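# Structural characterization, general
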Amino acid sequence: MLQLQNVKRMLVVLATGPLALIGVALIMALFRIPFGFVAMLGSLALFGMVLRNSVILIAQIDTLSGHGLAMREAVREAAVHRLRPILLTALAAILAMIPLTRSTFWGPMAWAIMGGLMVATILTLIVLPALYELVFDRPQHRADNQEISA
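Residues numbered from 1 in each chain as written. Predicted model: local features only at pLDDT ≥ 70, side-chain atom pairs only at ≥ 80, totals over all residues. Heavy atoms only, no water.

When you go through the protein residue by residue, the secondary structure sums to six helices and zero strands. Along its sequence from the N terminus, the protein presents helices and strands in the succession α-α-α-α-α-α. Looking at the protein as a whole, 39% of its 150 residues qualify as buried. Taking the contacts inside the protein whose residues are at least 6 apart along the sequence as the reference set, 74% of them involve residues at least 24 apart. Accessible area for the protein stands at about 8,800 Å²; split by element, carbon and sulfur atoms hold 69% of it. (Helix = DSSP H or I, 4+ residues; strand = E, 2+ residues; numbered from the N terminus. Buried < 20%, exposed > 50% of the residue type's maximum accessible area, 1.4 Å probe, protein only. Contact = heavy atoms within 4.5 Å. Areas by Shrake-Rupley, 256 points an atom, 1.4 Å probe, with all protein chains shown as cover.)

Right, dumping it as C-alpha cells:
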C-alpha cells in the first residue's frame, strides 16, 4: 500500500498472488510431493515473489500513463518493457532452487517455489495487464481524464 499509494492498485496486485497456487498444486501433484510445513513456507515466499513482479509491472504502467500514453498503450508497453526483467528474475529464482530439490527437508519448498513461480510469472504477465485495464480504464475515468486535459 505504501509503495502503490492506492487501494485499487494494491487489490489488483493482491489478486495476482493466488495465481502461484495453481503452479504449486500442479507440481506437487505431478511429482507426488507432500504439501507439508516447509512447502507452505515456500508458498508464502512465492507469494512475495509474485507480488513483487506485479508491483514492478504496475509501477511501469503508472509511469508510462503519467507520461501521457493512453491506458491501453501504457499497459501494452509496460508488459513488453518489463517482460525480460520479470522472466529473468523468475528464471534465476527457479534455477537457484534446483540444488534444493534433492534435499529431504528443503525439497518440497524448492518444488513449491519452482512450480508456482513458473506458472505465476506467465499468468501474471497475461492476467495483470488485463485486470489493470479492466479496473482503471473505465468510461468514467476516460471522461475525467478528458475533462482534465481539456
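Attention now moves to the environment of Leu 21. Mapped onto the elements, Leu 21 comes out in helix α2 (residues 19–30). Leu 21 gets classed as exposed once you look at its relative accessible area, which sits at 52%. Sequence separation between Leu 21 and Leu 46 is 25 residues; the distance between their C-alpha atoms is 9.0 Å.

Attention shifts here to unusual backbone geometry. In this structure, Arg 32 is a non-glycine residue whose phi angle is positive, near 50°. By secondary structure assignment, the location of Arg 32 is in the loop between α2 and α3 (37–66).

On to the side chain of Arg 9, then. Among the structural elements, Arg 9 can be located in helix α1 (residues 7–16). Taking the relative accessible area as the measure of exposure, Arg 9 reaches 18% and is therefore buried.

In total, this model carries four salt bridges according to the counting rule given. A salt bridge links Asp 62 to Arg 9; the nearest nitrogen and oxygen atoms lie 2.8 Å apart. Of this pair, Asp 62 sits in helix α3 while Arg 9 is found in helix α1, placing the two residues 53 residues apart along the sequence. Here Asp 62 falls in the partly exposed class, since its relative accessible area comes to 22%. Notably, a salt bridge pairs Glu 73 with Arg 76, separated by 2.8 Å at the nearest N-O pair. Of this pair, Glu 73 and Arg 76 both sit in helix α4 (residues 71–97), three residues apart, roughly one helical turn. What makes Glu 73 partly exposed here is its relative accessible area of 32%. (Salt bridge = Lys/Arg side-chain N within 4 Å of Asp/Glu carboxyl O.)

What follows deals with the nonpolar core. Formed by 20 residues in total, the largest nonpolar core has its most connected members in Met 28, Leu 46, Val 50 and Leu 117. Ranked by residue count, the leading element in this core is helix α5 (residues 107–136), at seven residues. Every residue in contact with Met 28, bar those within four places of it in the chain, is listed here: Ile 33, Pro 34, Phe 35, Ala 39, Pro 108, Trp 111 and Ala 112. Within the second largest apolar cluster, 19 residues are counted, among which are Ala 74, Val 75, Leu 125 and Tyr 132. (Core = buried A, V, L, I, M, F, W, Y, C linked by side-chain atoms within 4.5 Å.)

Helix length check: α3 (30 residues) gives 43 Å between terminal C-alpha atoms against 44 Å at 1.5 Å per residue, within 8%. Once α3 finishes, Gly 68 follows within two positions and takes phi at roughly 100°, a positive value. (Expected span 1.5 Å × (residues − 1).)

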